[in-house]
Amino acid sequence: MTSVLEVPVDPIVERRRAVQAAATASLGRRKLGSRVALGVCWLFLVIAVIPLVALVFYVTAKGLPAWNAEFFTHSTTPEGVPGGGVWNAIVGTAVITVVATAVAVPLGLLCGLFLAESDGRTADALRFTADVMTGIPSITVGIFGYIAIVRNFGYSGFAGAFAVGFIMLPVIIRAGETAFRGVPRSLNEAAMALGARRATIARKVVVPTALPGVITGALLAIARGLGETAPLLLTIFGNQYLQWNPTKPMAALPTLIYSYSSQPYADLVQVAWGAALLLMAVVLVLSIGSRLLAAYLRKERR
Amino acid sequence: MTTIETPVPRQTRRGGRWSLPDNGYRGLLAVTAILFGALAVWFLVAIVLQAKPAFATLGFGWIFGRVWNPSHGLYGLLPFILGTLESTAIAVALAFPIGLGTAIALAFLVPSRVRPVLSTTVELLAAVPSVVYGLWGLIVLAPIFRDTVEPFLTSVLGWTGLFNGPNNGPSLLLAGVILFIMILPTMVAISRDVLIVVPVEQVEGAMALGATRWQVLRKVVLPGARTGILGAFTLATGRALGETVAVAMVIGNSPYIAHSLKSSAATIPSLIVNNFGESTGTQLSAIFGAGLVLLVIGILVNSAARWLVWSTGNDSAGVELGR
Amino acid sequence: MTDAGSLSDVSPVPRLEESLTVQTERAMTEPPAGDVVMTLRDVAVAFGGRTAVRDVSFDVCAGEATALIGPSGSGKTTLLRALNRMHDAERSAKVTGTIRLGDLDVYGPDTDPTLLRSRVGMVFQRPNPFPTMSIYDNAVAGLRFNGVRKKALLDEAAESALVAAALWDSVKDRLKAHGSTLSGGEQQRLCIARALAVEPEVLLMDEPTSALDPIATKRIEELVGELKDRVTIVIVTHNMQQAMRVSDRCAFLLMGEDKAGELIEFGPTAQLFSEPSDPRTLDYVNGRFG
């Protein structure tokens, strides 16, 4: 440095030396610390991935042997009686899920649309309620289903559908609202400028544009509904025989797995594994499928 | 986002399909919203009403009673409350560090091409039905715990006094671990989302000063994402509290206060599930009361979580799977 | 003060003196080449096979401000960020050629990037003070990252850096306040102070005033002049007038036909703007493109 400065050079050079000394001295320690900390993060990532792999592996290994023709076509038989299957539980789960979806999806989407278009305090309160509801203990929903329906109308598939629908509803509301809010305002405004009514705009502009998000949200809600056990335990009572009528007690896959799991009879446990594999497979396919769908639709839009 | 209230000319037919006039449209939407609100209110009221008789007969202290013995008229809920809290505590104590570490790895360390696959793998854990976890835990993990994990932990950590007693398969420890696996995706997904949105300028600014990667994370990224991470943590706690079936299947269902991590224990959900069928009268009412206690805890924790997550402006929690 | 149009009428000498601070003594047409602080030889930066900038060779002299100028897309920022190895974070990035800081080979196998960055600091286009830290903590953040613990040294460095950044007087009573309470220009000066506190030998500035209002811009330009003797400065700017005001030497880069930036000309600012060797330089400084 050749020029003269106001501030004498010395303190700066001194400080520079001190800083560089500290930096070099601490470098080894800092780099080691960084490597260790990041290594721990990698380790945790591995730990996080292992359970899913192990779960899928075990359930498949133990459940696949149970899958045969009778498994899918015959109803449950008591312990020791061969040739049993889970057909009645499959039917029960299907009927309950269909009924729950048929009510929760339209209602939830309309609510979601309402919330997407409103910003007042009421809307905020409803939104908060929906959010909290997605996380409340599912057993309390079962209790509610019992109180509301079973007390008055007895155990039935409807009671189960009521409880499962109650769980699905807030999930759909929030997914729907997010999807509807994602529609660009410019589309809305353009339609309004053309003189269209709000309902028409909703039907022709908002819903089609938000459809990918709506479908994904609905699929995820259904996947969740399929897996719920606690609400069903208190509402459907179970049924050894095939039952298509939702006003009667029904069987369902989750409740079957639950009750068979603690049985001391190996063949019942085997059935439980087979049912668990079926349930897990359907839910995973739905979850992965909805993700792929969402990615595909997002690419289409670009 | 406010909607524009422009006056729209009334039309009866447009393009061949009748459409609701604006008032009708808004009315319909409002009705569904009211229905939803009414449903939520009905839910709360119904449970409170069913639990009332228990409180009327037994007062309030029974919630903290230590013994549950209906045949003697004792309805202490403490063992179950403790079981719920303890299994949740184990799950959360494991999920916080491991979940955060995984989120850091996913957000910053993993090559971008592999990231979606790994993220999805962790998130799919949330999709697996609870009862499948319970089955796997009961039949596969319980023997492993009883024969391998618990003896190992007892020999290493026995001095803490947490590992007294015989080696049990179904136990508080197993329940905690299963819960941990189930809430991990929540912790990871939300933490990862808040970590990613820390502005890259902050990261670059710290790097340009001579910070190591971990220093950047610890001093700049994590503090910046602090509130969101706390929200993730609280939300994961709420999930653990709300979990019913898997825990009921692996905790052993012993209605006594656990003295060690290896003991069998019970939680409020497992109490309800196991006793619902045969209960009548005061016992049934007590069960409803237990449900109410659980509901209150669950609402409080989830409300706190939502408030924390919202205050970071992060909406990702709104659509993720819960249990 | 400076106007590209009037380049031809006035001799370069008075303009040079106008653009330098009073303390320094330079009465010559060309600033004396002092010690060379950084050298660049045949430097090129490519991302995944696509070259962004190539054929860059020049020396950075101590106690000077060297400007990298050129139209957008000419690779100025890419080149700047290669000097403190900011491209290390990008997997597809490849830097070839030789960059030396004194005796040190910047991209040598034994060179630690973290340590390098304590010697070559950087100030970014948009002010980026750490939001969770107070003003004081921001100022000493770099020191703490580098393992400095002694409070006395931290305090001394912080004060010195804040004084140098012309910020001390406004913040000395509220050092515990958050960085976000400062205005945009003040935040940028805080970032400069933060970089200075580590006492680097070179300070890289990536268009530090482009996000600021004219008054804040002027303060920072003045700062560059004041700081030159303390740290050697390399500044990227897309503003020709700014380059003329603050820099002693300029490197002019231009995007070639292969979409890669290349160094067209390097030399003392006055000469580059009045009698450049390359016709393209002449076109640029006369505003024929930009």
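This one's a predicted model, so the numbers in the text were calculated from it and none came from an experiment.

Thresholds, definitions, all that
Residues numbered from 1 in each chain as written. Chains lettered and ligands numbered in written order. Predicted model: local features only at pLDDT ≥ 70, side-chain atom pairs only at ≥ 80, totals over all residues. Heavy atoms only, no water. Phe/Tyr/Trp six-rings, centres within 6.5 Å; stacked < 30°, edge-to-face > 60°. Helix = DSSP H or I, 4+ residues; strand = E, 2+ residues; numbered from the N terminus. Buried < 20%, exposed > 50% of the residue type's maximum accessible area, 1.4 Å probe, protein only. Lys NZ or Arg CZ within 6 Å of the ring centre and 35° of its normal. Core = buried A, V, L, I, M, F, W, Y, C linked by side-chain atoms within 4.5 Å. Contact = heavy atoms within 4.5 Å. Buried area = accessible area lost by both parts, 1.4 Å probe. Salt bridge = Lys/Arg side-chain N within 4 Å of Asp/Glu carboxyl O. Polar contact = N/O pair within 3.5 Å; in protein donor to acceptor, adjacent residues only side chain to side chain. pLDDT = per-residue confidence, 0-100. Pairing = 2+ DSSP bridges. Patch = residues over 30% accessible without salt bridge, like charges linked within 9 Å, V, L, I, M, F, W, Y side chains within 5 Å. Areas by Shrake-Rupley, 256 points an atom, 1.4 Å probe, with all protein chains shown as cover. Axes fitted to C-alpha atoms, helices over the stretch in contact; angles between N-to-C directions. Left-handed = near helix turned anticlockwise from the far one by under 90°. Lys, Arg positive; Asp, Glu negative; His and termini not counted. Charge placed at Lys NZ, Arg CZ, Asp CG, Glu CD.

**Focus: the packing of aromatic side chains**
- Using the criterion set out here, one finds 19 aromatic pairs over all chains in the structure.
- Relative to Tyr58 of chain A, the ring of Phe57 of chain A lies with its centre 5.6 Å away and its plane at 70°, an arrangement referred to as edge-to-face.
- Look at Trp68 of chain B and Phe80 of chain B: their rings are 5.5 Å apart centre to centre, the planes differ by 85°, and that puts the pair in the edge-to-face class. A residue pair is termed long-range when its members are at least 10 positions apart, and Trp68 of chain B in strand E1 (residues 68–69) and Phe80 of chain B in helix H2 (residues 78–109) qualify at 12 residues. With respect to burial, Trp68 of chain B and Phe80 of chain B carry one shared label: buried.
- Three or more aromatic residues joined by ring pairs form one cluster here, namely Phe144, Phe162 and Phe166 of chain A together with Trp42 and Phe43 of chain B.
- Looking at Arg194 of chain C, its charged tip hangs above the ring of Phe130 of chain C, at a distance of 4.3 Å from the centre.

**With respect to the nonpolar core**
- If you look at the biggest cluster of nonpolar residues, it comprises 295 residues, and the most contacted ones within it are Leu77 and Tyr133 of chain B.
- It is helix H5 (residues 172–196) of chain B that provides the largest number of residues to this core, a total of 17 residues.
- Here Tyr133 of chain B is in contact with Leu55 of chain A together with Leu125, Val128, Ile178, Ile181, Met182 and Ala246 of chain B, once residues within four sequence places are set aside.

**Brief notes about the interface of chain B and chain C**
- Across the boundary between the two partners, chain B contributes 20 residues, which contact 26 residues of chain C.
- Taking both partners together, chain B and chain C bury about 1,700 Å²; carbon and sulfur atoms supply 59% of that area.
- Remark: the boundary between chain B and chain C carries two salt bridges.
- Taking the shortest distance from any N to any O, the salt bridge between Glu204 of chain B and Arg81 of chain C comes out at 2.5 Å.

**Some remarks on the interface of chain A and chain B**
- If you look at the interface, chain A gives 94 residues, while chain B gives 100 residues.
- Between chain A and chain B, roughly 9,000 Å² of surface is buried when both sides are summed, and carbon and sulfur atoms account for 74% of that area.
- For the chain A face of the interface with chain B, the top three residues by lost area are Arg197, Arg198 and Tyr258 of chain A, together amounting to 8%.
- Counting across the interface, chain A meets chain B through three salt bridges.
- Salt-bridge contacts for Arg306 of chain B lead to Asp131 of chain A; the nearest nitrogen and oxygen are separated by 3.9 Å.
- The interface formed by chain A and chain B holds nine residue pairs in polar contact (both at pLDDT 80 or more) in total.
- In terms of residue count, the dominant contributor to the side of chain A that touches chain B is helix H1 (residues 10–63) of chain A (20 residues).

**A closer look at the confidence of the model for chain A**
- Across chain A, pLDDT averages 87, with 96% of residues at or above 70.
- Taken element by element, chain A is modelled with least confidence in helix H7 (residues 185–193) of chain A, mean pLDDT 81, and with most confidence in H1 of chain A, mean pLDDT 92.

**Describing the pairing of strand E10 (residues 261–268) of chain C**
All names here are of chain C.
- Burial within E10 is extensive, with seven of its eight residues counted as buried.
- The pairing of strand E9 (residues 249–255) with E10 spans seven bridges and is antiparallel. Considered in E10, the bridge of Phe252 is made with Glu265.
- Here E9 folds back onto E10 in antiparallel fashion, the turn holding five residues, of which Lys259 has a positive phi close to 65°.

**Some words on unusual backbone geometry**
- A positive phi angle, close to 50°, is found at Asn253 of chain B, a residue other than glycine.
- Relative to the elements of secondary structure, Asn253 of chain B occurs in the loop between helix H9 (245–250) and helix H10 (268–275).
- For Glu199 of chain C, which is not glycine, the phi torsion reads 55° and is therefore positive.
- Counting through the fold element by element, Glu199 of chain C comes out in the loop between helix H7 (184–197) and strand E7 (202–206).

**What about a nonpolar patch on the surface?**
Residues and elements named next belong to chain B.
- Residues Phe152, Val156, Leu157 and Trp159 make up a contiguous nonpolar surface patch of about 460 Å² in total accessible area.
- Secondary-structure assignment places Val156 in helix H4 (residues 130–157).
- Of the residues examined, Val156 reaches a relative accessible area of 41% and is grouped as partly exposed.

**Brief notes about the packing of H2 of chain B against helix H8 (residues 226–242) of chain B**
Residue and element names in this part refer to chain B.
- Between H2 and H8, the least distance of the axes is 9 Å, while the angle of their chain directions is 145°. Where H2 crosses over H8, the two elements pack in a sense that is right-handed. Residues Thr84, Leu85, Thr88, Val92, Phe96 and Leu100 of H2 pack against Ile229, Phe233, Thr237, Ala240 and Leu241 of H8.

**Considerations on the pattern of salt bridges**
- For the structure on display, the rule yields 35 salt bridges over all chains.
- We note a salt bridge from Asp147 of chain B to Arg146 of chain B, for which the minimum N-O separation is 3.2 Å.
- With a relative accessible area of 38%, Arg146 of chain B lands in the partly exposed category.
- The network of salt bridges with common partners includes Asp119, Asp124, Arg127, Asp131, Arg174, Glu177 and Arg181 of chain A together with Arg306 of chain B.

**Observations concerning a positive patch on the surface**
- Together, Arg29 of chain A, Arg218 and Lys219 of chain B together with Arg149 of chain C line one region of the surface with positive charge.
- Within the secondary structure layout, Lys219 of chain B lies in helix H7 (residues 213–224).

**Here we look at the pairing of strand E3 (residues 65–69) of chain C**
Residues and elements named next belong to chain C.
- Most of E3 is tucked away: five of the five residues are buried.
- Burial along E3 is two-sided: Ala65, Ala67 and Ile69 facing one way and Thr66 and Leu68 facing the other are all buried.
- Where E3 and strand E8 (residues 232–236) come together, four bridges link them in parallel fashion. Across the sheet, Ala65 pairs through a bridge with Ile233, a residue of E8.
- One ladder, built from four bridges, connects E3 with E9; its direction is parallel. Note on E9: the bridge partner recorded for Thr66 is Arg249.

**Section: the confidence of the model for chain B**
Residues and elements named next belong to chain B.
- Averaged over chain B, the pLDDT score is 83; the fraction of residues at 70 or greater is 89%.
- By mean pLDDT, strand E2 (residues 74–75) is the weakest element of chain B at 80, and helix H6 (residues 200–208) is the strongest at 94.
- Predicted confidence for residues 313–323 stays below pLDDT 50, and this span has 42 contacts to residues more than four positions away or in other chains.
- Our summary of model confidence lists the complex with pTM equal to 0.82 and ipTM equal to 0.86.

**Structural notes on the sheet that holds strand E4 (residues 93–101) of chain C**
Residues and elements named next belong to chain C.
- With mixed pairing, the 10 strands of this open sheet are ordered in space as E5-E4-E1-E2-E10-E9-E3-E8-E7-E6. The sheet is open, and its two borders are formed by strand E5 (104–105) and strand E6 (120–123), each paired with just one other strand.
- Examined bridge by bridge, E4 and E5 share two bridges and lie antiparallel to one another. Across the sheet, the residue bridging to Leu101 is Leu104, located in E5.
- Packing of H7 onto the sheet brings it into contact with E6 and E7, and relative to E6 it is tilted by some 175°.

**Structural notes on the environment of Leu308 of chain B**
- Checked against the element boundaries, Leu308 of chain B lands in helix H11 (residues 281–311).
- For the pair Leu308 of chain B and Phe55 of chain B, spaced 253 residues apart in sequence, the C-alpha to C-alpha distance is 33 Å.

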